[in-house]
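# Observations on chain architecture
Here is how the chains run, residue by residue.
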Amino acid sequence: MKRTLGVCYYPEHWPAERWAEDARLMREAGLTWVRIGEFAWSRLEPEPGQFAFDWMDNAIDSLGSEGLHVVLGTPSATPPRWMLDRFPDMLPVGPDGQVRGFGSRRHYCFSHAGYRAESAEMAARLGQRYGGNAYVRAWQIDNEFACHDTTLSYSEPALQAFRQWCRDRYQTPDALNRAWGNVFWSMEIRSFDELRLPNGTVTEPNPAHVMAFRRFSSEQVARFNRAQVEALRPHTDAPLIHNYMGREVSFDHFEVGRDLDIASWDSYPIGFLSDRIEASDAHKLAFLRQGDPDVQAFHHDLYRSVGQGRWWVMEQQPGPVNWAPWNPAPLDGMVRLWGWEAFAHGAETVTFFRWRQAPFAQEQMHAGLLRPDAAPAPALTEVAALAREIAEQPEVSAPKATVAILFDYPSAWAWEAQPQGRDFHYFELVLDTYRALRKLGFSIDFVEASGHFDDYALILAPGIATFSAEALARIEMTDAHVIAGPRTNAKTSEMAIPVPLPPALPGLDTLVTRVSSIPPDASVPVVGGGAFCRWFEDLEGDAPSKLTTEDGRPALVETGNLSYVAGWPDAVLWRRILEDAADRTGLTTEQLPDGVRIRDDATHRFVFNYNQQEAFYRGREIPAGGVASWPK
Ligand code: GAL
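Because the structure is predicted, anything quoted here is derived from the model rather than measured. (Residues numbered from 1 in each chain as written. Predicted model: local features only at pLDDT ≥ 70, side-chain atom pairs only at ≥ 80, totals over all residues. Heavy atoms only, no water.)

## So, the overall build of the chain
We count it as follows: We count a stretch as a helix when DSSP gives it H or I for four or more residues in a row; a strand needs E for two or more, and each element gets its number in order from the N terminus. The cut-offs for exposure are 20% and 50% of the maximum accessible area for each residue type, with area from a 1.4 Å probe on protein chains only; residues under the lower value are buried, those over the upper are exposed, and the others partly exposed. Note on contacts: a residue pair qualifies if any of its non-hydrogen atoms lie within 4.5 Å across the two residues. Under the convention used here, a 1.4 Å probe and the Shrake-Rupley method define accessible areas, while residue burial counts only the protein chains that appear. His residues and chain termini do not enter the charge count, which takes Lys and Arg as positive and Asp and Glu as negative. Working definition for charges: the position is that of NZ of Lys, CZ of Arg, CG of Asp or CD of Glu.
When helices and strands are counted, the chain shows 18 helices and 24 strands. When its C-alpha atoms are laid out on the principal axes, the chain stretches across 75 × 70 × 40 Å. The buried share of the chain, taken over its 632 residues, is 60%. When contacts within the chain are restricted to residue pairs at least 6 apart in sequence, those whose partners lie at least 24 apart make up 71%. Carbon and sulfur atoms make up 50% of the accessible area of the chain, which totals about 24,300 Å². Charge-centre separation for the chain: the mean point of 60 positive side chains lies 2 Å from the mean point of 84 negative side chains.

## Topic: the site of the ligand
To keep it simple, the criterion reads: What makes a residue near a molecule or strand is one non-hydrogen atom of that residue sitting within 4 Å of it. Throughout this description, a polar contact denotes any pair of N or O atoms lying within 3.5 Å of each other; where both atoms belong to protein, one of them has to be capable of donating a hydrogen while the other can accept it, and for residues adjacent in sequence the pair is counted only when both atoms sit in side chains. Side-chain classes follow a simple rule in which Ala, Val, Leu, Ile, Met, Phe, Trp, Tyr, Cys and Pro form the nonpolar group, Asp, Glu, Lys and Arg form the charged group, and the remainder, Gly included, forms the polar group.
The ligand sits among F39, R105, N143, E144, D266, Y268, E315, W323, F353, E363 and H366. H366 places a side-chain nitrogen or oxygen 2.7 Å from an oxygen atom of the ligand. Of the residues belonging to the shell around the ligand, the class tally is 4 nonpolar, 2 polar and 5 charged.

## Remarks on the pairing of strand β16 (residues 545-548)
Quick reminder of the rule: Note: two strands are recorded as paired if DSSP finds a minimum of 2 bridges between them.
Where β16 meets strand β17 (residues 554-559), 3 bridges bridge the pair, whose relative direction is antiparallel. Paired with S545 across the strands is V557, a residue of β17. From the end of β16 to the start of β17, which pair antiparallel, there are 5 residues, and G552 there has a positive phi angle of about 85°.

## Describing the state of the cysteines
Our working definition: Disulfides are defined as cysteine sulfur pairs within 2.5 Å.
Scanning the entire structure with this criterion turns up 0 disulfides. In this structure C8 is not part of a disulfide, and its nearest cysteine sulfur, from C147, lies 14 Å away. Overall, C8 belongs to the buried group, its relative accessible area being 1%.

## Things to note about the pattern of salt bridges
Threshold: Throughout this description, the term salt bridge denotes a Lys or Arg side-chain nitrogen within 4 Å of a carboxyl oxygen of Asp or Glu.
Inspection of every chain in the model, using the stated rule, returns 47 salt bridges. With a shortest N-O distance of 3.1 Å, R35 and E315 are connected by a salt bridge. Taken together, the positions of R35 in strand β2 (residues 33-36) and E315 in strand β7 (residues 311-316) put the pair 280 residues apart, joining distant regions of the chain. Judged by its relative accessible area of 5%, E315 falls in the buried class. Between R438 and E341 there is a salt bridge, with the nearest N and O atoms lying 3.9 Å from each other. Of the two residues, R438 sits in helix α16 (residues 426-439) while E341 sits in helix α13 (residues 334-344), which places them 97 residues apart along the sequence. A residue is classified by how much of its surface remains accessible, and R438, at 2% relative accessible area, is buried. Assessed through its relative accessible area of 0%, E341 is described here as buried.

## Topic: helix α3 (residues 54-64)
W55, M56, A59, I60, S62, L63 and G64 are the residues of α3 that are buried. Buried residues along α3 sit against α1 (16-28), β2, α2 (41-44), β3 (69-73), α5 (113-130) and β4 (136-140).

## Focus: the packing of aromatic side chains
Formally: Ring pairs are drawn from Phe, Tyr and Trp, using the six-membered ring of Trp, whenever the two centres fall within 6.5 Å, and their geometry is named by plane angle: stacked under 30 degrees, edge-to-face over 60, tilted for the rest. Working rule: Lys NZ or Arg CZ, within 6 Å of ring centre, within 35 degrees of ring normal, means a charge sits over the ring.
The tally for this structure, following the rule as stated, stands at 47 aromatic pairs. Measuring from ring centre to ring centre gives 6.0 Å for F162 and W165, while their planes differ by 15°; the resulting arrangement is stacked. Within this pair, F162 and its partner W165 are both found in helix α6 (residues 156-170), separated by 3 residues, close to a single helical turn. As far as burial versus exposure is concerned, F162 and W165 are alike and both buried. In this arrangement the basic side chain of R356 is found over the ring face of W14, its NZ or CZ atom lying 4.1 Å from the centre. We note R487 situated over the ring of F424; from NZ or CZ to the ring centre the distance is 4.5 Å.

## Quick notes on the side chain of E494
Inspection of the secondary structure puts E494 in the loop between β12 (481-484) and β13 (511-517). There is a polar contact of 3.0 Å between the side chain of E494 and the side chain of R169.

## Remarks on the side chain of R356
Looking at the secondary structure, you find R356 in the loop between β8 (349-352) and α14 (378-392). An unpaired buried charge is present at R356: no salt bridge exists, and D22, the closest side chain of opposite charge, is 5.1 Å distant. Of the polar contacts made by the side chain of R356, one reaches the backbone oxygen of P372; its length is 3.0 Å. Once you skip the residues sitting within four places of it in the chain, R356 turns out to touch W14, R18, L370, R371, P372, D373 and A374.

## Points about the sheet that holds strand β18 (residues 562-565)
Counted only if it meets this: Lines are fitted to the C-alpha atoms to define the axes, a helix being fitted only along its stretch in contact, and any angle between axes, read from their N-to-C directions, falls within 0 to 180 degrees.
Ordered in space as β10-β9-β11-β12-β18-β17-β16, the 7 strands form an open sheet in which the pairing is mixed. The two strands at the open ends of the sheet, each matched to only one other strand, are β10 (444-448) and β16. Averaged over all pairs of adjacent strands, the angle between strand axes in this sheet comes to 20°, irrespective of strand direction. Summarising the sheet, strand β9 (residues 403-407) and strand β11 (residues 458-461) pair through 3 bridges and their orientation is parallel.

That is the geometry; function is a separate question.
Shown next, in the form of structure tokens:
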């Protein structure tokens, strides 16, 4: 595999006379790819049925003739204003019942069949026109599904589609009533037409209702994507890609990924640290201009799995962004570091967002590789250096890791529907697990919870709400050491408590008999060091306790190669649990210095220093924001 770099470009933002010069500068910087088109609907079809492709022909030609490969986006994230005259009911509706209007982007409801067909039609037209164009080497469908909280929409089309979804799933209102436990609070319905969406209730809606709506909404995203995939496939052999977001679990990315060829994601390390990551003020200060040392890698590894091995970073932060509460500039070296980190985790391509900072509209404060006046911005030098470095590196592919984390989007919805403790977030539970593994030097794969996990020595399965019978059979068969819990199998697929009680794992004689959520300043300490935070479960049964709490309750029980953790471990407890598991499975661990992380690819070890000062790894000095690598 050859590693390549690219950039996001908006030819419609600049005079046509500038395109050739921009293309030349991109090539000189060592870029291979240029992504265009994903917001250009109002220029591609200015009036309904009147298409204007000439300018796009010229833009693709200007870029392609300079040797650049084009990623062409379908523009469905930004329906033009006239589309609303055609489909006044296509706008998404928030949980408060407010219509979310025109004037920014993503103003469509995934359930609107008319808009879905229009966007597939536009994809087909682009496919007809550019599917055979030698410069168009990949396609991006839409842009960041779910962005701006758009997966869930409480519109009339969503209501009608949800009723149909429930008819298909439950067949009769009685079956739905039974499945959801609607006898509680007299919530029974007599016909599917009486069914509402789970918003606007006096107090909390039935979690089974919420969970059904979450499953439905996730399927609507996949269906919307699939309509465009099916429209494009007949016209092109180029890979189809979507750019997913960071910390976004509102739809099942694995399901969308199965219809595509490559997964990509949009990486904004400093924006995420400021806006999307739970961390102490000290942590946020220490990594203010670098981003969290584990968050980028977490998503790289997750999306490698969503892409079934093939993945890109489609948007990489190049400087200050505009959308986080605070937007500091990256520390010198970080743009290069983020790029290398993605490659070390197996990325094929890293594409920077964006080429030139726009002096107008919403993102005028968002840096690019060029300043608004077209002079080079600081990141361009680092990008050009990265381009030279990857050109000199041998072609490699990512090896399979020895450790896997099972990941499950429906579990995120289950624990949002019924967190039971305000800070019980599935994403954070998995991130904590990942962080603990990485601090011990592991390279990690993610595996879909319903998927195969052969060939791993150690498998972590935190917080999986419902394991399928097949997954349980795999757990029973595997030789790997499996660490499950907390909240494993704690719900049926209809969001009820199963009886017999959880975790119901094969061969493990333990029952969760009571659960406690734990507020931020409290904890349940464990004998020998570490504690549970956020969540603790009382366990009963004959499975031997390997660890106990200071007040004598089981903290980790184990039978054979299966362990169950009775809560949300803090960093110290995670380290103890993982070091012990590594010892038993013959895996080696090392305690990495703060802010230093490693990653092994097929041939090299990479070391990343996320600190604002130099760090030492095995006697080697790594500068602040620096990367080192050597053959394994
Ligand atoms: C992404 C989005 C881009 C741009 C960027 C700014 O979420 O896909 O279009 O808005 O953020 O950081």
